[in-house]
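This is what each chain is made of:
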Amino acid sequence: MLEKLKLRNFRCFEALDAEFASTNVIRGPNAQGKTSLLEAICVLLRLQSPRVSSLAAAIRHEQKGFVLDGLFDARHMQFYLGAARRKLALDSVEQKSASEYLKIGRAVYFSNRDVEIVRGPADLRRKFLDFAAFQVDSAYRSQLRSYEKALRSRNLLLKEPRPNRRQIAAFDGPLVAAGDYITAARTRLIAALQPFAEEAHKDITRSAETLSLAHRRGGGADFRRTLEAATGEDLRLRQTTAGPHRDDLHLLLNGRSPEIASEGQQRTIALALRLAVCALLAEHAGRPPLLLIDDVFGELDFERRNALLKRLPAGSQKFITATDIAWMAPGEARLFHLAAGRLAALTKPPG
Amino acid sequence: MGERQIPALHVKRVEYPGAIKALIGQLKRMPGIGPRSAERIALWLVLSRDAKPREIAEAIGESARITPCSKCGFFAEEALCEICRDDSRSPELLCIVEQPTDILPLERTGMFRGLYHSLGGRISPLDHIGPENLRIDALLNRVKTEAPEEIILALGGDVEGEATANYLAELLEQHPVALTRIAQGLPAGAGLESADELTLSRALSGRTKMKMPKFG
Ligand SMILES: Nc1ncnc2c1ncn2[C@@H]1O[C@H](COP(=O)(O)OP(=O)(O)OP(=O)(O)O)[C@@H](O)[C@H]1O
Ligand SMILES: [Mg+2]
Ligand SMILES: [Zn+2]
């Protein structure tokens, strides 16, 4: 559980100090920093933002760097990011590599834009998969980095005025090695998510509709072969046309593409996917992940709200943001009000 | 009645004499030395009796004589380095490294008695480094004239190291020489420089074949 959090120069927060409970509800008008606060928690635990790929964007305007500092399960986690340098510390010991640090906390981020995972472009589904994979497979991060590096190198060589085939081929080895790893890891992940997603989906809809997940491999059945066969095409298009960077997660509702499903059905699928990750991480780590639920309840109708609340893994720490909390039953949640970058703990929900 | 205007003061700020300022300026250019360290070192050189600035200046002057060995690229005081001048070493074995600084860690294992060839880097399109920027032609010449029996690739285990190894393997395909790679015991992304002796010894003894010699 995240007991304490300190932010310095993170997005709209100049300085923030907070203590959290098991369930935390953060209310506040628009543009006051609700998403930024959840993002900060995610970055503290996972060193990654759920909304941007470059963390530098989260440094408060005109500042040199941000500091995130938290007490999570009695471990003191600190992360500094500046323009030129980043620093990690665990219990005040500076960490050269992130591997120990990343073993500590796991998180799932629910956003009101999650429906885009269902109907948006494939890269959103790859991001969804990758974010889960980072948390169950400690080698995934470095393999994905190697893959991306080999891919960018190869693409640069393909874009040269006179591409050097021997040099391009030299990058095929590392590209295929990392690519095969990524492909296999994603296939495993999707297979592991399948039963959880199906169950969560049935539970929310209380219907007989079946949600199924499939891995569409951008590198084909045999990536090395596909890559070799695509050499001509790659040279013509001046980019690598096959590989896990073209992977997709195929979603099927009763065997049909959810593209034609209704808005509500699409939202339910997105929810089921997030819940599946929760269940998988809970199973993997032996305890539920921390949940960051950003402005999701407002979008849902009464039934889906309750289904979601009921399905959230028991015993997980929750951070729930909302502009309006009138619908919420007063429970053990700790209430906060966020305005102008200041977080105030409220003893009870204001009338 | 208005407030009396205070005339602006033009006081010249006293600074270090020119020689000290110049010294600080030179020290600041060194890696890992910021303005404050530069100032501290400069003052120590000027003030401390143990500093022996002349000896330091002389040592720096001497070091300007160091050039890359014309054969292998290691640090040398003459045309050839100490390793290349040593007759007791086996020219049948040629170990290829990325940087001249990778040679000493391998030497310290005491396991290798052949010769070296430093490429001066590795193929890295992201850094705009291609084969033409590396000492690859010099390597091919050596392979022809020295005819080693085995070439050992001791390159980094990361993407660029792998790619450079693959590139060289293809170039050397037609040469009558066996090609091996040191075992993958090296942390990916970290060059040989950061590997410890034990890891290196293991990597050297557990090298794997990339190709058998081709004769004819
Ligand atoms: N790097 C940054 N430096 C300073 N301010 C920033 C930075 N990035 C974002 N902001 C500002 O932070 C404010 C809070 O944004 P955030 O998305 O967290 O608000 P929110 O409370 O989630 O709003 P909503 O209810 O509309 O989702 C915005 O005004 C935004 O412009
Ligand atoms: Mg928001
Ligand atoms: Zn030499």
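Being a predicted model, the structure only gives us computed values, none of them experimental.

Student: Let's hear about the pairing of strand 5 (residues 150-154) of chain B: which residues, and what values?
Tutor: Residue and element names in this part refer to chain B. With four of five residues buried, strand 5 lies mostly within the body of the structure. Sheet topology places strand 3 (residues 93-97) next to strand 5; five bridges connect them, and they run parallel. Along strand 5, the bridge assignment pairs Val 97 with Ala 154. Two strands pair when backbone bridges link them, and strand 5 and strand 6 (residues 178-181) are joined in this way by four bridges, in the parallel orientation. By the bridge assignment for strand 6, Leu 153 is matched with Arg 181. Once the chain exits strand 5 it traverses helix 7 (residues 159-171) before rejoining the sheet at strand 6, and the crossover so formed is right-handed.

Student: Break down the confidence of the model for chain B for me, citing the residues and quoting the values.
Tutor: Confidence along chain B averages 87 in pLDDT terms, with 88% of residues attaining 70 or more. For this predicted complex, the interface score ipTM comes out at 0.85, while the overall pTM is 0.87.

Student: Go over the nonpolar core, please, and point to the residues and values.
Tutor: Among the nonpolar cores identified, the biggest contains 121 residues, and Ile 41, Ala 272, Ala 276 and Leu 292 of chain A together with Ile 96 of chain B are the most heavily contacted of them. It is helix 5 (residues 165-205) of chain A that contributes the most residues to this core, 15 residues altogether.

Student: Which residues make up the interface of chain B and chain A, and what are the values?
Tutor: Reports of interface size often rely on the accessible area that becomes lost once the parts have come together. Each partner contributes residues to the interface: chain B has twelve residues there, and chain A has 14 residues. Its residues placed into classes, the side of chain B that touches chain A shows eight nonpolar, two polar and two charged.

Student: Give a detailed account of the environment of Pro 100 of chain B, specifying residues and quantitative values.
Tutor: All names here are of chain B. With respect to the helices and strands, the residue Pro 100 is situated in the loop between strand 3 and helix 5 (103-108). C-beta crowding within 10 Å serves as the criterion here: with 19 such atoms nearby, Pro 100 is assigned to the partly exposed category. Put simply, Pro 100 and Glu 149 are 49 residues apart on the chain and 22 Å apart in space, counted from C-alpha to C-alpha. Apart from the residues lying within four places of it in its own chain, the contact partners of Pro 100 are Pro 68, Gly 73, Phe 74, Phe 75 and Ser 118.

Student: Give a description of the sheet that holds strand 3 (residues 23-27) of chain A that names residues and reports values.
Tutor: Residue and element names in this part refer to chain A. Strand order across the open sheet formed by six strands is 8-11-12-3-13-14, with mixed pairing between neighbours. If you trace the sheet from one side to the other, it starts and ends with strand 8 (107-111) and strand 14 (342-346), each paired once. Shown here is a sheet whose adjacent strand axes are inclined to one another by a mean of 20 degrees, direction ignored. The pairing of strand 8 with strand 11 (residues 290-294) spans five bridges and is parallel. Paired with Val 108 across the bridge in strand 11 is Leu 291. Each of strand 3, strand 8, strand 11, strand 12 (318-322) and strand 13 (334-339) is contacted by helix 1 (residues 34-46), which is oriented at about 155 degrees to strand 11, the strand it contacts most. Relative to strand 8, helix 8 (residues 263-285) is tilted by about 170 degrees, and along the sheet it contacts strand 8 and strand 11.

The rules we used
Residues numbered from 1 in each chain as written. Chains lettered and ligands numbered in written order. Predicted model: local features only at pLDDT ≥ 70, side-chain atom pairs only at ≥ 80, totals over all residues. Buried ≥ 20, exposed ≤ 12 C-beta atoms within 10 Å, placed from the backbone. Helix = DSSP H or I, 4+ residues; strand = E, 2+ residues; numbered from the N terminus. Pairing = 2+ DSSP bridges. Right-handed = clockwise from strand over helix to strand, strands pointing away. pLDDT = per-residue confidence, 0-100. Core = buried A, V, L, I, M, F, W, Y, C linked by C-beta atoms within 7 Å. Contact = placed C-beta atoms within 7 Å. Nonpolar A, V, L, I, M, F, W, Y, C, P; charged D, E, K, R; others polar. Axes fitted to C-alpha atoms, helices over the stretch in contact; angles between N-to-C directions.

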